[in-house]
Amino acid sequence: MTKKERAEKVCELLNTEYGTDLTCYLEYDKKKPWQLLFATILSAQCTDERVNMVTRELFKKYPTLKDFANADIEEFGRDIYSIGFYRNKAKNIIACANALIQDFDGELPSDIDILTTLPGVGRKTANVIRGHIFNEASIVVDTHVKRVSRLLGLTKEEDPVKIEYDLMKVVPKSQWILYNHQIIAHGRTVCIANRPRCSQCALREVCKNKPKGM
């Protein structure tokens with residue numbers, strides 16, 4: 001089985017196991033897509049559950065993009081203190097809000113090269129926005145996608161950008177956005193770091209690292 005054939009089989013099994021409905025784990029108002037951008041910036045090295053707890057109050061306190069742009073950085077840091085790396089995230093989000101207002105009339109750009117010029121926005125964050133807001137096919141490499149994709153033998157790389165490009169070569173483009181969500185769900189519930197439930201894994205028949213005899 002080639003790597004591409006394995007990737008296609010993985011997607012087939014994931015579709016059966018997790019369905020094909022798209023789910024966003026971060027909460028935001030779809031009429032305010034910049035909220036997802038800020039929530040994704042906040043989610044770096046933090047759980048989605050914790051981010052959602054914080055943003056429920058944050059988006060009430062700062063209901064408009066202008067409110068974020070004009071926020072006091074010290075007060076804003078206190079608002080997101082429980083998330084971690086709060087100083088840097090506060091600085092980036094306020095700067096990002098200002099950039100969106102000044103350079104893009106308050107609208108999110110869809111081009112990944114433009115998105116990644118915004119403060120605090122790397123390829124992972126940009127691809128979340130492209131997938132959810134613009135429905136642009138994109139691969140989001142978070143810790144689950146990195147770890148599980150390596151276990152499945154779809155990449156040997158460690159660098160997220162290299163992993164992204166490896167997956168783009170073998171995962172069908174129509175499955176890119178779904179793959180992100182399905183692998184995240186799989187990594188959280190079955191292929192758990194340090195305690196994988198291999199006997200319950202729907203992907204075990206194509207996994208390159210399954211236990212011997214399974």
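As a starting point, this report considers the structure included with it.

Here is what the cut-offs are and how they apply
Residues numbered from 1 in each chain as written. Predicted model: local features only at pLDDT ≥ 70, side-chain atom pairs only at ≥ 80, totals over all residues. Heavy atoms only, no water. Helix = DSSP H or I, 4+ residues; strand = E, 2+ residues; numbered from the N terminus. Rg over C-alpha atoms; globule rule 2.2 N^0.38 Å. Buried < 20%, exposed > 50% of the residue type's maximum accessible area, 1.4 Å probe, protein only. Contact = heavy atoms within 4.5 Å. Core = buried A, V, L, I, M, F, W, Y, C linked by side-chain atoms within 4.5 Å. Patch = residues over 30% accessible without salt bridge, like charges linked within 9 Å, V, L, I, M, F, W, Y side chains within 5 Å. Areas by Shrake-Rupley, 256 points an atom, 1.4 Å probe, with all protein chains shown as cover. Salt bridge = Lys/Arg side-chain N within 4 Å of Asp/Glu carboxyl O. Lys, Arg positive; Asp, Glu negative; His and termini not counted. Charge placed at Lys NZ, Arg CZ, Asp CG, Glu CD. Expected span 1.5 Å × (residues − 1). Axes fitted to C-alpha atoms, helices over the stretch in contact; angles between N-to-C directions. Parallel < 35°, antiparallel > 145°, perpendicular 65-115°, else oblique. Nonpolar A, V, L, I, M, F, W, Y, C, P; charged D, E, K, R; others polar.

The next subject is the overall build of the protein chain. On a plain count of helices and strands, the protein chain comes out with 11 helices and 0 strands. Order of helices (α) and strands (β) in the protein chain, N terminus to C terminus: α-α-α-α-α-α-α-α-α-α-α. Expected size for 214 residues packed as a compact globule is a radius of gyration near 17 Å; at 18 Å, the protein chain falls within 12% of this value. Taking all 214 residues of the protein chain together, the buried fraction comes to 45%. Contacts in the protein chain between residues at least 24 apart in sequence constitute 62% of all its contacts with a sequence separation of at least 6.

In this structure, Leu-37, Phe-38, Phe-68, Phe-76 and Leu-100 are the most contacted members of the largest nonpolar core, which totals 39 residues. Secondary structure elements with two or more residues in this core: helix 2 (34–42), helix 3 (48–61), helix 4 (65–69), helix 6 (86–104), helix 7 (112–115) and helix 8 (123–132). Considering every element that reaches this core, the biggest residue donor is helix 6, with 8 residues. If we ignore the near neighbours within four places in the chain, the residues touching Leu-37 are Cys-96, Leu-100, Leu-108, Leu-118, Val-121, Thr-125 and Ile-129. Counting residues in hydrophobic clusters, the runner-up holds 25 residues, among them Ala-7, Leu-152, Val-170 and Cys-201.

This next bit is on a positive patch on the surface. On the surface, a cluster of positive charge is made up of Lys-3, Lys-156, Lys-169 and Lys-208. Examined against the element boundaries, Lys-156 turns out to sit in the loop between helix 9 (143–151) and helix 10 (160–170). Assessed through its relative accessible area of 76%, Lys-156 is described here as exposed.

Another aspect to go through is helix 11 (residues 176–189). The end-to-end C-alpha distance of helix 11 is 20 Å, a good match for the 20 Å that 14 residues give at a rise of 1.5 Å each. Counting buried residues along helix 11, 12 of its 14 residues qualify, which places the element largely inside the surrounding structure. Those residues of helix 11 not exposed but buried are Trp-176, Ile-177, Leu-178, Tyr-179, Asn-180, His-181, Gln-182, Ile-183, Ile-184, Ala-185, His-186 and Gly-187. For helix 11, the secondary structure elements touched by its buried residues are helix 1 (3–18), helix 8, helix 9 and helix 10.

The next point concerns the pattern of salt bridges. Overall, the coordinates contain 9 salt bridges when judged by the stated rule. Residues Lys-61 and Glu-75 are paired through a salt bridge, measuring 2.7 Å at the closest nitrogen-oxygen approach. With Lys-61 in helix 3 and Glu-75 in helix 5 (residues 73–79), the pair connects residues that are 14 residues apart, well separated along the chain. The shortest N-O distance in the salt bridge between Arg-123 and Glu-164 comes to 2.7 Å. Of the two residues, Arg-123 sits in helix 8 while Glu-164 sits in helix 10, which places them 41 residues apart along the sequence. On the accessibility criterion, Glu-164 (4% relative accessible area) is buried. Shared partners join several salt bridges into a network, and the residues in it are Lys-61, Glu-75 and Asp-79.

For the pair helix 9 and helix 11, the least separation of the axes is 8 Å and the interaxial angle reads 80°. Relative to helix 11, the element helix 9 lies roughly perpendicular. On the side of helix 9, the interface is formed by His-144, Val-145, Arg-147, Val-148 and Ser-149, while helix 11 contributes Tyr-179, Asn-180, Ile-183, Ile-184, His-186, Gly-187 and Arg-188. Class assignment of the residues belonging to the contact of helix 9 with helix 11 gives a composition of 5 nonpolar, 5 polar and 2 charged.

By themselves, these observations are geometric and do not establish any function.
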